[in-house]
Amino acid sequence: MKMALLLGLVACGGGATAPAVGSGSGSGSNSQPTEIDLCVLGHEALDTLKQCNGKPTLQAAQQFNGVLAMVKKDPAMQTTCAQMLHTLDENFRKDSCSLPLSPAARTRMYDLVEAWYATRTPVTPTGNPAADAVIAKVVEIRDTACKCNTELCLEGVQKSLDTITPFAADAPEVARTLGTALLDDVSRCSARITKPVVRH
């Protein structure tokens, strides 16, 4: 899921910090977490954060739960939940509030988002010269976006995207699929600048 889809989530104001949620399973002091499930912990964290400075987070929790319902069969759901939680947490921090996640859960969230930012689509020629020419142009723009370090640089990327010639009507479906994946790369690399991971 693209990070752009998560921007509508509602931030809350500052307030008391709720207890940290989820560093592992089991009640013994020597128990070790086998896996940190950010989808489950994110739900628990939002549930403990009923209000923050009088501003309810109900809408954020509802949207998060809606995504959980959609992705629970998807093997990539941990990355999806990490993206959502990262966006929520940064929005909350603007008003001096943060999700009550344990240090281990927070580290996993940051690691997954950074890995998602670093993902690049491999490119294989389709065999259609016209389509491959369009793909080559998109790859060039993708690579430029992924080298950007400023939003000013991203503005140049957007201008370049506007110059891309659409695929011809007879372009193979594999080319269209690859083109879409490469544009997702551009979005990912842009999000790396506009919503950077800052480890709190």
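Residues numbered from 1 in each chain as written. Predicted model: local features only at pLDDT ≥ 70, side-chain atom pairs only at ≥ 80, totals over all residues. Heavy atoms only, no water.

A.B. asks: Just checking my understanding: could you explain the nonpolar core for this structure?
C.D. replies: Across soluble globular proteins, nonpolar side chains show a tendency to be buried alongside one another. Grouped together as the largest cluster of nonpolar side chains are 31 residues, with contacts concentrated most on Leu-38 and Leu-99. Looking at this core, the elements that each hand over two or more residues are α1 (38–48), α2 (58–71), α3 (77–93) and α4 (103–117). No other element matches the 7 residues that α4 contributes to this core. Within the second largest apolar cluster, 10 residues are counted, among which are Cys-148, Val-157, Cys-189 and Ile-193. (Core = buried A, V, L, I, M, F, W, Y, C linked by side-chain atoms within 4.5 Å. Buried < 20%, exposed > 50% of the residue type's maximum accessible area, 1.4 Å probe, protein only. Helix = DSSP H or I, 4+ residues; strand = E, 2+ residues; numbered from the N terminus.)

A.B. asks: Would you mind showing me how to read the environment of Ala-131 here?
C.D. replies: Here Ala-131 shows up in helix α5 (residues 129–147). Judged by its relative accessible area of 3%, Ala-131 is buried. Contact partners of Ala-131, with chain neighbours within four places excluded, come to Thr-126, Phe-167, Ala-171, Pro-172 and Ala-175. (Contact = heavy atoms within 4.5 Å.)

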